[in-house]
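Geometric and topological summary
Residues per chain are reported as follows:
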Amino acid sequence: MIDIQTQPTLSEIQNFKGKYPKQIWSLFFTEMWERFCFYGNRGMLSVFMTDILLMTKQESSLKYGAIQAFVYAFTFLGGLFADKILGFRKSLFWGGLLMIVGSFLLGADAQKFFYFGICLIIVGTGFFKPNISTMVGELYHEGDIRRQAGFNLFYSGINIGALIGGAVCVSVGKMYSWNLAFSLSGIFMVIGLITFYLSKKNLGTIGLQPQNISKNKNGKIYEIGVYVLSLLSLPFVFMMIRNTDYTDLFMYIVGPLTLIYLFYEMSKLKWTENRKLLAALIFITFSIFFWAFFEQAGGSLSLFAKDNLHTNLLFLNIDPNVVNNGVNSVFVIIFSPLVGLLWLALAKRKIEPNAIVKFGLGFLFLAGAFFTFYYTRFFMTPDGKTSLNIFALAYLIITFGELCLSPIGLSLMTQLSPKKLWGVMMGMWFLASAYGQYAAGILGAEMAAKPNATLAENLFAYTSGYKQLSFYALILGIVLIAISPLVKKLMGKANDEDKKNYEEDFNKKTMIYD
């Protein structure tokens, strides 16, 4: 039984002074270690599948897309069950436990238990990921313009974990032991859960089980039912990722069903709420395209780094896969807090671009990044390899695109949604990522050269594809900026009036900035 009396109230938490609520730090470190686990495993996938499981590049790209798609598809279900039955805290713990078991199963014998371990990590991430993000949203009043800065800080925690996990795990796997590398992701997930457990008392009522379940005599049965159902889903997930034809069928079905459910929930709301949700759906739709391009990082760019890059980065001699898995995170760690504070400074001067314009800018940066990936072909040496420095420069550009979209998107899902749909809409945001991951796998497979191609042929095949992605991203960015006035009207209070209402309070609370 949780003693609510000794914990801060929700009002006390949300009426914090200064830059960030103190509770954000426990969520920051919990998410950091969970991202070590997730991005450590993600960074190893394509390399492990081609080098150890001996898949072709086309096959590994499709598998990668399927695995990543199911990771994010399950975030919708995780958000739904957290909203309706488990609450965010229990959902987080259950997801973390599944990820730990999956990682240690891979650590026992990654080649033998590859699909079994990956299935556990997929379902576990679905219960973990959307719910800790939602708890970050609850730390703020509706309309608090410091929310985006908080999500930017939280996002930097994600990337610290991604940097350490992506760099350490792929290095250990390639140089020492893949089993040890997968085990490390499980060890740090344990640290993440312990961190959350020791600090959860500071969260007050945030993330607790819904009262209609906790006070219901059948509530425990519903809760156990969720746990059992999630375990029963494992053979289904196993079948889907073993045969990507089934993944195609699943993706054709789950999207329409999800929209039907959302429209059903919207039918019970007022127009003022539905207007904001329509704006959220526009953001969600365009994010699919963004992640389809961006997530080449774990697929085609990972294979490109493995085969087609020199090992010299400035004055360092470094594994290109470590750069591919980690340099984006380094840039996000450096620039994420600065970008968040930039938005705050612009907001205080009433010149901050609205969210849809930021999304458009994200695509323009994405276009520039993929043109730079394409441009690496002009630095190719006779051995079929090219400059790691230009490759890293492309990631610097892509980082600013990511910072314009992803942390802002997380913030908007709670800002534009009624509280009872926070988990669902956060799940929708990650479901859009699932479709992006799925498309990323297809795009990566289409770009890959034929088996037994030379390194030069492989380089030209991938860079030709990156040039096309650059062109598409440019068009999408221009479209987003063009429709920004319409979307701004749909956002209504969430975009303008809330800022006005909280401006005086914000000035009082953020004197520490000056």
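Since the model is a prediction, treat every value here as computed from it, not as a measurement. (Residues numbered from 1 in each chain as written. Predicted model: local features only at pLDDT ≥ 70, side-chain atom pairs only at ≥ 80, totals over all residues. Heavy atoms only, no water.)

Here the structure, examined in full by the defined rule, presents three cavities of 30 Å³ or more. Estimates place the volume of the largest cavity at around 340 Å³. In this structure, the largest cavity is lined by 26 residues; those nearest its centre are Tyr-39, Tyr-72, Tyr-155, Glu-295 and Glu-402. Going through the elements one at a time, α2 (24-51), α6 (147-175), α12 (271-294), α14 (320-348), α16 (388-415) and α17 (422-447) are the ones with two or more residues in the lining of the largest cavity. Ranked by the residues each element gives to the lining of the largest cavity, the list is headed by α6, at five residues. Its residues placed into classes, the lining of the largest cavity shows 12 nonpolar, nine polar and five charged. (1 Å grid on protein atoms, 1.4 Å probe; cavity = no way out; pocket = protein on both sides within 12 Å on 5 of 7 lines; lining within 4 Å. Points joined across faces, edges and corners; volume = space filled by probe spheres on them. Helix = DSSP H or I, 4+ residues; strand = E, 2+ residues; numbered from the N terminus. Nonpolar A, V, L, I, M, F, W, Y, C, P; charged D, E, K, R; others polar.)

Right, let's talk about the confidence of the model for the protein chain for a bit. Averaged over all residues, the pLDDT of the protein chain equals 86, while 93% of them reach at least 70. When pLDDT is averaged over each element of the protein chain, helix α18 (residues 455-482) comes out on top at 95 and helix α20 (residues 497-509) at the bottom at 38. A low-confidence stretch, residues 1-5 stays under pLDDT 50, and its non-local contacts, those more than four residues away or across chains, total five contacts. A low-confidence stretch, residues 496-514 stays under pLDDT 50, and its non-local contacts, those more than four residues away or across chains, total 35 contacts. (pLDDT = per-residue confidence, 0-100. Contact = heavy atoms within 4.5 Å.)

Next up on the list: a nonpolar patch on the surface. Where nonpolar side chains cluster on the molecular surface, the patch consists of Leu-249, Tyr-252, Ile-253, Leu-257 and Ile-260 and spans about 550 Å² of accessible area. Given the relative accessible area of 48%, Leu-249 is considered partly exposed. (Patch = residues over 30% accessible without salt bridge, like charges linked within 9 Å, V, L, I, M, F, W, Y side chains within 5 Å. Areas by Shrake-Rupley, 256 points an atom, 1.4 Å probe, with all protein chains shown as cover. Salt bridge = Lys/Arg side-chain N within 4 Å of Asp/Glu carboxyl O. Buried < 20%, exposed > 50% of the residue type's maximum accessible area, 1.4 Å probe, protein only.)

What follows concerns the packing of aromatic side chains. To describe a pair of aromatic rings, you give the distance between the ring centres and the angle between the ring planes. Inspection of every chain in the model, using the stated rule, returns 47 aromatic pairs. Aromatic pair Phe-48 and Trp-178: ring centres 5.5 Å apart, planes at 75°, arrangement edge-to-face. Note that Phe-48 is positioned in helix α2 and Trp-178 in helix α7 (residues 178-199), a separation of 130 residues in sequence. As far as burial versus exposure is concerned, Phe-48 and Trp-178 are alike and both buried. Plain terms: the ring middles of Phe-371 and Tyr-374 are 5.4 Å apart, the flat faces sit at 55° to each other, and that makes the pair tilted. A residue pair is termed a helical-turn pair when its members lie 3 or 4 positions apart in one helix, as Phe-371 and Tyr-374 do in helix α15 (residues 355-375) at three residues. On the basis of relative accessible area, Tyr-374 is assigned to the buried category, the value being 10%. The ring of Tyr-115 has Arg-242 lying over it, and the distance from NZ or CZ to the ring centre is 4.7 Å. (Phe/Tyr/Trp six-rings, centres within 6.5 Å; stacked < 30°, edge-to-face > 60°. Lys NZ or Arg CZ within 6 Å of the ring centre and 35° of its normal.)

This next bit is on the layout of surface pockets. The computed volume of the largest pocket comes to approximately 1100 Å³. Lining the largest pocket are 36 residues, and of these Gly-207, Leu-208, Gln-209, Pro-210 and Gln-211 lie nearest its centre. Mapped by element, the contributors of at least two residues to the lining of the largest pocket are α3 (57-86), α4 (88-108), α7, α8 (211-214) and α9 (219-232). Broken down by element, the residue count for the lining of the largest pocket peaks at five residues, all from α3. Looking at side-chain class alone, the lining of the largest pocket contains 16 nonpolar, nine polar and 11 charged residues.

Our next topic: the nonpolar core. Ranked by size, the top nonpolar core spans 159 residues in total, and within it Phe-283 and Tyr-466 carry the most contacts. Beyond its immediate stretch of four places on either side in the chain, Tyr-466 contacts Ser-300, Leu-301, Phe-304, Phe-370, Phe-373, Tyr-374 and Met-447. (Core = buried A, V, L, I, M, F, W, Y, C linked by side-chain atoms within 4.5 Å.)

The interhelical angle for the contact between α3 and α9, taken along N-to-C directions, is 160°, at an axis separation of 10 Å. What the angle tells us is that α3 and α9 run roughly antiparallel. Residues Phe-81, Ile-85 and Leu-86 of α3 pack against Tyr-222, Glu-223, Val-226, Tyr-227 and Leu-229 of α9. In terms of residue class, the contact of α3 with α9 is made up of seven nonpolar, no polar and one charged. (Axes fitted to C-alpha atoms, helices over the stretch in contact; angles between N-to-C directions. Parallel < 35°, antiparallel > 145°, perpendicular 65-115°, else oblique.)

We now examine the environment of Pro-210. Considering the arrangement of structural elements, one finds Pro-210 in the loop between α7 and α8. Ignoring any residue separated from it by four or fewer positions in sequence, one finds Pro-210 in contact with Ala-82, Asp-83, Lys-84, Ile-85, Leu-86 and Gly-87.

So, on to the pattern of salt bridges. The final tally for this structure, using the stated rule, is 13 salt bridges. For Lys-84, the salt bridge identified is with Glu-265, shortest N-O distance 3.8 Å. Placement of the pair is Lys-84 in helix α3 and Glu-265 in helix α11 (residues 244-266), with a sequence separation of 181 residues. Given a relative accessible area of 37%, Lys-84 falls into the partly exposed group. With a closest N to O distance of 3.0 Å, Lys-90 and Glu-223 form a salt bridge. Within this pair, whereas Lys-90 is found in helix α4, its partner Glu-223 is found in helix α9, the two being separated by 133 residues in sequence. Each of Asp-51, Lys-57, Lys-306 and Asp-307 takes part in a single network of salt bridges with overlapping partners.

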